Amino acid sequence: MATLLSPAATTLDRRADFPAMPAGWHYLDSAATAQKPLVVTDAIARAYDRDYATVHRGVYKRSADMTLAYEAARQRVARFIGAASADEVVFVRGATEAINLVAQTWGQTRLKAGDRILLSMLEHHSNIVPWQLLRDRTGVEIDVCPLTADGRIDLDAAEALLTPRHKLVALAHVSNVLGSVLDVRRAAELAHGVGARLLLDGCQAVPRLPVDVAALDCDFYAFSGHKLYGPTGIGALWARAEILDAMPPWQGGGSMIDKVSFERTTYAPAPARFEAGTPHIVGGVGLAAAVDYVEGIGLAAIHAHEAALIAEARERLARINSVRLFGPADSAGILSFAVDGVHPHDVATILDEEGVAIRAGHHCAQPLMADLGVAATARASFGIYNDVSDVEALARGVERVTRIFG
């Protein structure tokens, strides 16, 4: 298992940076989407109000300036995740689109009937359904790695499952339900040991853990901007340059071409080849501002802050006899739980009456719910803006749930 950073005794105090976080409201749904700091919303507003123009096509100064800002955002994201080059970063709507892009380009051209893909039991639907669609088109087969007793991807089991027929291993870096952190280096060794590529769903990792794709030794990395305190509708797919260069286009249109005639079209090099049409220009600018904000605080400090809050939340909820906790004790920023005899939606409704916002449901992880033996869970997820008062409000709210349904 990868060693996590030790929880810090001190916590961050960043709530004032977030204009949508009024006093008395306890937002514990960052795993679904993070609130936005003022520096991000200001950057978006400036991009629309003062600087806006199209990119890559205009020869006038504002268009050129906006093009520079958009491509600077790509460079910023590349540095953030340790990419060797900005050309390895493709802007997409989010991780869902990134994984579908890989499935429909690399997967469609590289995989065939009899090849195998290894997923895990805790994957988000966005890292399951695209591979099922590919399976239905190509005949590729899917295997599922089980979990350990405390909710981690069981890499010993993965090692036993993997064969030279496996061409892809696609796993969550951090579980969106359990908060368990994958030992990526070992996963990479196992995948590459049988000649497979490794794709990581990094949605829950990039807001709270340092990510260096070179050090992780993965082949694809996908994440969404809105979970990283950035805007919705923007995210990134990173892939090794040699992989991107060999992948065919995904969608056709403007910007992704070299030359078009009715007889034949040639295509631009990566990443432009995968970015047909006018991009989410302002989304890229906002994402760069979010990266600046997060790195200004430091991912190590953010992880330590969230780890301390998770430890306190687990300790407080564990005192309540009717509460069942899921996932490992060192989960990264995410805690799922159930209250005996109470539907998670009822838990969330009562907590909302107490000013506590959590998520309740299957969290786009229905196979995991079945594996846990529940239809749904309640989920509290922490961010930069949370502190111990949020943990106390969560515990008080759950205690009220048990009194109501006691």
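Definitions and cut-offs
- Residues numbered from 1 in each chain as written.
- Predicted model: local features only at pLDDT ≥ 70, side-chain atom pairs only at ≥ 80, totals over all residues.
- Heavy atoms only, no water.
- Helix = DSSP H or I, 4+ residues; strand = E, 2+ residues; numbered from the N terminus.
- Rg over C-alpha atoms; globule rule 2.2 N^0.38 Å.
- Buried < 20%, exposed > 50% of the residue type's maximum accessible area, 1.4 Å probe, protein only.
- Contact = heavy atoms within 4.5 Å.
- Areas by Shrake-Rupley, 256 points an atom, 1.4 Å probe, with all protein chains shown as cover.
- Lys, Arg positive; Asp, Glu negative; His and termini not counted.
- Charge placed at Lys NZ, Arg CZ, Asp CG, Glu CD.
- Polar contact = N/O pair within 3.5 Å; in protein donor to acceptor, adjacent residues only side chain to side chain.
- Salt bridge = Lys/Arg side-chain N within 4 Å of Asp/Glu carboxyl O.

Is there a simple way to think about the overall build of the protein in this case?
Secondary structure summary: the protein contains 13 helices and 15 strands in total. Its C-alpha atoms give the protein a radius of gyration of 22 Å, near enough to 22 Å, the size a compact globule of 406 residues would have. Overall, the C-alpha framework of the protein stretches about 75 × 55 × 35 Å when taken along its three principal axes. Counting across all 406 residues of the protein, residues that qualify as buried make up 56%. The long-range fraction of contacts in the protein, counting pairs at least 24 apart against all pairs at least 6 apart in sequence, stands at 69%. Summed over all atoms, the accessible surface of the protein reaches about 16,400 Å², with 52% contributed by carbon and sulfur. Of the charged side chains in the protein, 38 are positive and 47 negative; the average position of the first set lies 4 Å away from that of the second.

What should I look at first to understand the side chain of R76 in this one?
Topologically, R76 is positioned in helix α2 (residues 61-81). By relative accessible area, which is 12% here, R76 ends up buried. Of the polar contacts made by the side chain of R76, one reaches the side chain of D292; its length is 2.5 Å. A polar side-chain atom of R76 sits 2.6 Å from a polar atom in the side chain of E295. Contact partners of R76, with chain neighbours within four places excluded, come to A288, V291, D292 and E295.

Can you help me understand the pattern of salt bridges in this one?
Note on pairing: side chains with opposite charge can pair once their charged atoms come close. Across all of its chains, the model carries 27 salt bridges by this definition. Here D292 ties to R76 by a salt bridge, and the two come within 2.5 Å at their closest N and O atoms. Linking D292 in helix α9 (residues 281-297) with R76 in helix α2, this pair joins segments that are 216 residues apart in sequence. In this structure, the salt-bridge partner of R152 is D150, at a minimum N-O distance of 3.0 Å. Residue D150 is classed as partly exposed on the basis of its relative accessible area, which comes to 33%. Salt bridges sharing common partners tie together R116, E141, D143 and R165.

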